[in-house]
Amino acid sequence: MTPRPPSDDSPKKNGAKKPATGKKATVQQTAAGKAAEGKQAAKSPERSAGKKPAGSKGAGSKGAKSSEKTPEPAASGGPPVPAVVAPAPADNSPAALGATAGIPDNSASLRGSSQDLADSVAAFTGLGPDDRERLLSGTHHDPHGVLGSHPAPGGVAFLAFRPYALGVTVVTDDLRAELHDDGDGFFSALLPLRAVPDAYRLLVAYEETVQDTEDAYRFLPALGELDLHLLGEGRHEQLWQALGAEPMTHQGVTGTRFTVWAPNARGVRLSGTFNFWDGTGYPMRSLGSTGVWELFVPGIGEGELYKFEITRPDGSRTLRADPMARRTEVPPHTSSIIHTSHHTWHDDAWMASRGERPVHEAPFSVYEVHLASWRPGLTYRQLAQQLPAYVSDLGFTHVELMPVAEHPFGGSWGYQVTGFYAPTARLGTPDDFKHLVDALHQAGIGVLMDWVPAHFPRDEWALAAFDGRPLYEHADPQRAAHPDWGTLEFDFGRREVRNFLVSNAVYWCQEFHIDGLRVDAVASMLYLDYSREPGQWTPNEHGGRENLDAVAFLQEMNATVYRRNPGVVTIAEESTAWDGVTRATHHSGPGGFGGLGFGLKWNMGWMHDSLDYVQHEPVHRKYHHHEMTFSMVYAYSENYVLPISHDEVVHGKRSLVSKMPGDWWQQRATTRAYLGYMWAHPGKQLLFMGQEFAQGAEWSETHGPDWWLLDPAYPAEADHRGVRDLVRDLNTVYRHTPALWQQDTDPSGFQWVVGDAAEDNVFAFLRLDAEGVPLLSVSNLSPVVRHAYRLGVPDSVPAWQETLNTDSARYGGSDVTNPDVVKPELQAWHGRPASIRLALPPLSTIWLRPA
């Protein structure tokens, strides 16, 4: 950590007390007796206004030339060697040298006389003007080639860049030599040593402290050759272990390795709480054609805040959060935080068993949750005490968490991500989020997460034009700008960008034990003309509208996630009829494309059609009957989820119960009937929070569900509790009835009983499990009781028993039921050899199973 710069009256700044060249007093104090970290309270740069060290070009600087005139680094085959001045012989005694430089007379590592050493300390001129200018302006590609220690004619050259320091001393086991102050924060000396020391430390004197520290510029790169190769190929599937801030022990020293991909940068420096947000003395080195910059900083670790100061191609500078940061500040603050996980998982049983049954052949009902507003004010750990119990009581198999990745604007609900590798800090730390996932798993609940690889916001501290040119976004402005959301679309054709996203999908599944990714806005990725008018897009190489880069990315992402994380499911929110969303990537369809490789797809067509139907007055529903039956025309074209998501209960669309026509009783009755129809329909189910108890108001992220509706003191509490009790019973019967989920993707699992009773507003069908055991679902979406309604049934079932009725009094219905066992009559009906007669309650769905 760099202590604060000297105050205005310091010797370093005003020059009045600056020691004469070569005569500066030797720093004799040890770190134990003198050094004090003086660590600043953690503050991000935007909160440190007025506290950044003055004169960012270094104490004593007379002003560096403009960065536009900075020469580019020489294209040589090796690192530059600092210019040196050979020491002149002298007759001074060893004793005199020891008093001046603190060097033991019998040091075996010295070359030449002790007087040679004294003169070399005074005479070495340090950096050449080109290297000096590039370091001061933040445009040096290889600071390790000139800073630190290097063999040089006459010995070993030491050079340190410590802005605001009063003095710097090199210390080894048998060496203590003060470096010459070269101005602008540079300190250097040529010591007549036989070899570069294996290890040495720096004593850096400031106004009020002496810092005993390792020299960051003596270390070899902390990123291995395999990592660099995989980065260059765009195939590093654990990218978070190669880029970002990684606390580690390197060459026997603890510290943090910082790496960032910025191929267009002229230079990158590191800023943070450890250097008071002045990165002048922390230039990073370029690791060649990979475009990666690296710096190992000894002595700092988790909890420190940091950003990267990037010098753009035009010479201007930008301060950027780490794209790979695993922890961030709480918005609106934007700094990245060094993080190490200490969470110990306790979900071994869940992880071992989650892949035993393919998800499309398993019960799968999802409770969608916006964590920040489910119970406003709760942290991840507090949510872990309440959410698992609530979801488990209602019988849902999974929760789907709206985007938890860090985002600057809460009103985006998390769909405009800036921290793709960091859970939002609004609710706690990454380990706190792991604790929540762990708690849900221990309660037997799977965890899905909304994942947003389609686009990102334009915030100037985040990904947009990250290193001064389009990097994560497409270089073509028409391809980069999303026309609907004001965001930028990823360049899926760039291998490093694909790597960033594919690795991110793996990261959430591997590091946070996420059981599934619901991929947002897939349609906007697949089509070049999505929301664009003619002339605003360019056809692909075949003249079509398909985004071939996005197709390749989605295929790679799905294949990689499934290979690395058995038991995980990926779910596409895809709103068009794209062929093969849930088809295997190696199976080509009619259009010539391989499948995208998703496990499930949201059935947006079913959602729109069915909601349109129930919003009509019952008297008009006969004209829209096909909207409820059309879904079975394509039900087996993909593996579907039936979603009633957050998108359907905001922005004037009204809550689910408020969509229904009629009075309050009819609205609740239709809601219950609709949920019963939904749970029986082929496909998995998803319901957004608040809809499980018929919340009347639209959802708002500012206050969340209206939990007060379930307060026993509220007069209408029973109405809302009844709907919630129905949802619990739907899930309970569903989980114990394989006919409702085992053959969701197999046409043999469904048979219409009557699908054309438009005048009656009646829908009846059979669901069958793999053994042929049926469940009969009958929905009457008219507000009248239909007595002795005859339905054709298989003659193989000797008797039927009503197992669920949404009109039951306990749910708030009129309690028109079929309490007795119903036996078939040998009267053909609806093309079947037998039939039964049922009482169909008004605005209801009933389920019957073999008695």
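Residues numbered from 1 in each chain as written. Predicted model: local features only at pLDDT ≥ 70, side-chain atom pairs only at ≥ 80, totals over all residues. Heavy atoms only, no water.

1. Some details on the layout of surface pockets
The space that makes up the largest pocket amounts to roughly 600 Å³. As for the largest pocket, its lining consists of 22 residues, and the residues nearest its centre are Arg354, Gly355, Arg357, Val359 and Ala362. In the lining of the largest pocket, the residues fall into 9 nonpolar, 8 polar and 5 charged. (1 Å grid on protein atoms, 1.4 Å probe; cavity = no way out; pocket = protein on both sides within 12 Å on 5 of 7 lines; lining within 4 Å. Points joined across faces, edges and corners; volume = space filled by probe spheres on them. Nonpolar A, V, L, I, M, F, W, Y, C, P; charged D, E, K, R; others polar.)

2. Points about the confidence of the model for the chain
Here the chain averages 88 in pLDDT, and 85% of its residues register 70 or above. Overall, residues 4-43 carries pLDDT values under 50, and its contacts beyond four positions in sequence, including any with other chains, amount to 79 contacts. pLDDT under 50 marks residues 47-115. Its contacts with residues more than four places away, or in other chains, come to 126 contacts. (pLDDT = per-residue confidence, 0-100. Contact = heavy atoms within 4.5 Å.)

3. Re the pairing of strand β3 (residues 167-172)
For a regular strand, the rule is simple: side chains alternate between the two faces of the sheet. Of all 6 residues making up β3, 6 are buried, and the element is well covered by its neighbours. Note: β3 against strand β7 (residues 201-205), 5 bridges, orientation antiparallel. The partner of Thr169 across the bridge, within β7, is Leu203. Where β3 lies against strand β4 (residues 175-178), 4 bridges are found, and the strand directions are antiparallel. Pairing of Val171 across the sheet is with Arg176, part of β4. The hairpin turn running from β3 into β4, its antiparallel successor, is 2 residues long. (Buried < 20%, exposed > 50% of the residue type's maximum accessible area, 1.4 Å probe, protein only. Helix = DSSP H or I, 4+ residues; strand = E, 2+ residues; numbered from the N terminus. Pairing = 2+ DSSP bridges.)

4. Some words on the environment of Arg672
Along the chain, Arg672 turns up in helix α19 (residues 664-680). Spatially, the C-alpha atom of Arg672 lies 8.5 Å from that of Val727, the residues being 55 residues apart in sequence. Residue contacts for Arg672: discarding those within four places in its chain leaves Val723, Leu726, Thr806, Asp807, Tyr811, Gly812 and Gly813.

5. A short note on empty space enclosed by the protein
One pass over the structure, following the stated rule, counts 10 cavities of 30 Å³ or more. When contributions to the lining of the largest cavity are tallied by element, the ones reaching two or more residues are β10 (253-261) and α12 (495-511). Ranked by the residues each element gives to the lining of the largest cavity, the list is headed by α12, at 3 residues. For the lining of the largest cavity, the residue count by class is 10 nonpolar, 2 polar and 2 charged.

6. Topic: α19
Helix length check: α19 (17 residues) gives 25 Å between terminal C-alpha atoms against 24 Å at 1.5 Å per residue, within 8%. Most of α19 is tucked away: 14 of the 17 residues are buried. The N-capping residue of α19, defined by a side-chain oxygen 3.2 Å from the backbone nitrogen of Trp665, is Asp663. (Expected span 1.5 Å × (residues − 1). Polar contact = N/O pair within 3.5 Å; in protein donor to acceptor, adjacent residues only side chain to side chain.)

7. Observations concerning the sheet that holds strand β17 (residues 365-369)
In space, the 8 strands of this closed barrel follow the order β17-β18-β21-β24-β25-β26-β27-β28, with parallel pairing throughout. Going from strand to strand, the sheet's axes swing by 25° on average, the running direction of each strand aside. Where β17 and strand β18 (residues 398-401) come together, 4 bridges link them in parallel fashion. Bridge pairing links Val369 to Leu401 in β18. Sheet strands in contact with α19 are β17, β27 (640-644) and β28 (684-688), and its direction is about 145° off that of β28. (Axes fitted to C-alpha atoms, helices over the stretch in contact; angles between N-to-C directions.)

8. Overview of helix α14 (residues 548-564)
An ideal rise of 1.5 Å per residue puts 24 Å on 17 residues; α14 measures up with 24 Å between its terminal C-alpha atoms. When we look at burial in α14, the residues that qualify are Ala550, Val551, Phe553, Leu554, Gln555, Glu556, Met557, Asn558, Thr560 and Val561. Measuring from the side-chain oxygen of the N-cap residue of α14 to the backbone nitrogen of Asp549 gives 3.2 Å; that N-cap residue is Asn547.

9. Some words on the packing of α19 against helix α20 (residues 717-735)
Where α19 contacts α20, the axes come no closer than 11 Å and their chain directions differ by 10°. With respect to each other, α19 and α20 are oriented roughly parallel. Between α19 and α20, the contacting residues are Trp664, Arg668, Arg672, Leu675, Gly676 and Trp679 on the first element and Asp719, His720, Val723, Leu726, Val727, Leu730, Asn731 and Tyr734 on the second. (Parallel < 35°, antiparallel > 145°, perpendicular 65-115°, else oblique.)

10. Here's the deal with the side chain of Asp729
With respect to the element layout, Asp729 can be found in helix α20. A residue is classified by how much of its surface remains accessible, and Asp729, at 18% relative accessible area, is buried. Side-chain polar atoms of Asp729 contact the side chain of Tyr811, separated by 2.5 Å. Dropping the residues within four chain positions of it, Asp729 is found in contact with Leu804, Arg810 and Tyr811.

11. Digging into the environment of Ala770
For Ala770, the location among the structural elements is in the loop between β30 (762-768) and β31 (774-780). Separated by 32 residues in the primary sequence, Ala770 and Pro738 place their C-alpha atoms 8.0 Å from one another. Discounting chain neighbours no more than four positions away, the residues touching Ala770 are Gln742 and Gln743.

12. Some thoughts on unusual backbone geometry
Looking along the chain, the bond that leaves Pro331 and enters Pro332 is cis, with omega of 15°. Tracing the backbone shows Pro332 in the loop between β15 (317-320) and β16 (336-337). Positive phi, close to 55°, is recorded for Gln251, a residue that is not glycine. Checked against the element boundaries, Gln251 lands in the loop between β9 (244-250) and β10. Of note, Ala694 is a non-glycine position whose phi angle comes to about 55°, a positive value. Residue placement: Ala694 occurs in the loop between β28 and α20. A residue is classified by how much of its surface remains accessible, and Ala694, at 2% relative accessible area, is buried.

13. A look at the packing of aromatic side chains
Any aromatic ring pair is given by two values, namely how distant the centres are and how the planes are angled relative to each other. Enumeration over the complete set of coordinates arrives at 46 aromatic pairs. A ring pair is formed by Phe693 and Trp707, whose centres lie 5.3 Å apart and whose planes are at 40°; its orientation type is tilted. With Phe693 in the loop between β28 and α20 and Trp707 in the loop between β28 and α20, this pair connects stretches of sequence that are 14 residues apart. Trp707 sits in the buried class, given a relative accessible area of 14%. One Lys or Arg, Arg375, reaches over the ring of Trp707 and ends 4.1 Å from the middle of that ring. Of note, Arg790 hangs over the ring of Trp829, and the distance from its end group to the ring centre comes to 5.7 Å. (Phe/Tyr/Trp six-rings, centres within 6.5 Å; stacked < 30°, edge-to-face > 60°. Lys NZ or Arg CZ within 6 Å of the ring centre and 35° of its normal.)

14. Notes on the sheet that holds strand β1 (residues 148-152)
Reading across from one edge, β1-β2-β6-β5 is the order of the 4 strands in this open sheet, with antiparallel pairing throughout. Looking at the sheet topology across the chains shown, the edges are occupied by β1 and β5 (180-183). Each strand axis lies, on average, 25° off the axis of its neighbour in the sheet, ignoring direction. Both β5 and strand β6 (residues 186-191) contribute to a ladder of 3 bridges, which runs antiparallel. Looking at the pairing, His180 lines up with Ser188 of β6. On top of the sheet, helix α5 (residues 129-137) reaches β2 (155-161), β5 and β6; it is set at about 140° to β6, its chief contact.

15. So, the packing of helix α15 (residues 604-614) against α19
With their axes 11 Å apart at the nearest point, α15 and α19 run at an angle of 150° to one another. If you check the angle between α15 and α19, you find them roughly antiparallel. α19 is crossed by α15, and the crossing has right-handed handedness. Contacts between α15 and α19 involve Trp606, Met607, Ser610, Leu611 and Val614 from the first element and Thr670, Tyr674, Tyr677 and Met678 from the second. In the contact of α15 with α19, the residues fall into 7 nonpolar, 2 polar and no charged. (Left-handed = near helix turned anticlockwise from the far one by under 90°.)

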